[in-house]
Each structure stands twice: as C-alpha cells, then as structure tokens.
Amino acid sequence: NSIWRPCAGLKTPSCWTMAANTQAPNFKRPETLQAAYGHTVTRKTNMQHFPTPDFEHKICAHEQLRQRLAALPQPIVFTNGCFDILHRGHVTYLAQARALGGSLVLALNTDASVKRQNKGDDRPINSLNNRLAVVAALQSVDLVTWFDEDTPANLIALVQPDVLVKGGDWAV
C-alpha cells in the first residue's frame, strides 16, 4: 500500500518520493509500482553498478599512510576518537579542527579499543568499518585511519601532525 508522489518541484519521471508512514518497496524484485496521480514506476536499482563513492577513498590503511600523508595539503591537523554515535557536537568539533590547517587526519579507535575504554558492554554500537565510512563522508575529514592501542601515541608519532587537536574531555 505504498503511495508514491513525484518529487516536489522536479519535472522528471525518474524522481519519486514515498509518502510518509509507508513501507519502502523491495527494489530487488522488479515489480511495477502504481504511483499516486496515476503514474506507473517500473524502476529497479542495483547499487552494485554504481562507482564507489569518493569518500571511501579517504579511508587509509596503515601501509598507505606515509604516501597518503605526503599528498595532503599542509599544515596537517590530527585528532582521534571513537565517533561511535555521530552527533552535532562531533561534526562541529571536526569542522573546527579542520579549520586549523590545510587538512584533517582523523584516527578512530578499533572496536576492541572502544571496549577497553569502559564506555559500556554494548559499545561500540557501530562497527569500525561503518564508523570509518560515516566520518570519511564528512567534508571536514581529509583522511581517516584507525588504531588498536589504548592511546594514539604511536600513530601520532607516525603522522607527525603540525597541529594536534583534542576534545575538552582529554588532557593533551
């Protein structure tokens, strides 16, 4: 019983939005949807045929770190954290950190490292791979990597940032 409507203000038959309080169709099945206003939609979307989003290229394994750092605009700003449940405070903090230099390198705690921080038995809620992708999608983040230790000290020594930014809840 989905009710589909043309996207507001757009005059294209390929843009449709579903009315509130309805269930999304299963696009894995190429079924015809009868849209509101008598329009018929016969669209199947297979996301595997789309290119990898650009933000995925911001995720950097340790083996590539030196080479990728050399290509970043200077000065390099570094910060780190769990960034498990991303919220406005996080994105504001990252944007402000990025404003301090030419590029921002963000290091995330691995899942095991988050658990050792005593944030709760259910943490992290989002896996490392999901957290990496979400923060990489932010405009303020130029490169994102991870660390498994309790502190990022070894990673900071490797990156040698020009600016080190820490949240107000951590001593520098």
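Cut-offs used in this document
Residues numbered from 1 in each chain as written. Predicted model: local features only at pLDDT ≥ 70, side-chain atom pairs only at ≥ 80, totals over all residues. Heavy atoms only, no water. Pairing = 2+ DSSP bridges. Helix = DSSP H or I, 4+ residues; strand = E, 2+ residues; numbered from the N terminus. Contact = heavy atoms within 4.5 Å. Axes fitted to C-alpha atoms, helices over the stretch in contact; angles between N-to-C directions. Salt bridge = Lys/Arg side-chain N within 4 Å of Asp/Glu carboxyl O. Buried < 20%, exposed > 50% of the residue type's maximum accessible area, 1.4 Å probe, protein only. Right-handed = clockwise from strand over helix to strand, strands pointing away.

## A word on the sheet that holds strand β7 (residues 143-147)
So, step 1. Spatially, four strands are ordered β7-β6-β5-β8 in an open sheet, and the strand pairing comes out parallel. The open sheet terminates on both sides in strands that have one partner only, identified here as β7 and β8 (163-164).
So, step 2. Sheet strands in contact with helix α2 (residues 88-98) are β5 (76-81) and β6 (103-109), and its direction is about 140 degrees off that of β6.
So, step 3. Strands β6 and β7 of the sheet are contacted by helix α4 (residues 128-136), whose axis makes an angle of about 160 degrees with β6.

## A closer look at the pattern of salt bridges
So, step 1. Scanning all chains against the criterion turns up four salt bridges.
So, step 2. Two residues, R116 and D150, come together in a salt bridge whose shortest N-O distance is 2.6 Å. Residue R116 is found in the loop between α3 (111-115) and α4, and its partner D150 is found in the loop between β7 and α5 (153-159); the two are separated by 34 residues along the sequence.
So, step 3. Accessibility expressed as a relative area gives 41% for R116, which makes it partly exposed.
So, step 4. The exposed category is assigned to D150, whose relative accessible area is 54%.

## Focus: the pairing of β5
So, step 1. Of all the six residues making up β5, six are buried; the element is thus mostly covered by neighbouring parts of the structure.
So, step 2. The alternating pattern of β5 places I76, F78 and N80 on one face and V77, T79 and G81 on the opposite face, and all of these are buried.
So, step 3. When β5 meets β6, the two strands line up parallel, connected through six bridges. Across the sheet, the residue bridging to G81 is L108, located in β6.
So, step 4. Crossover connection from β5 via α2 to parallel β6: handedness right-handed.

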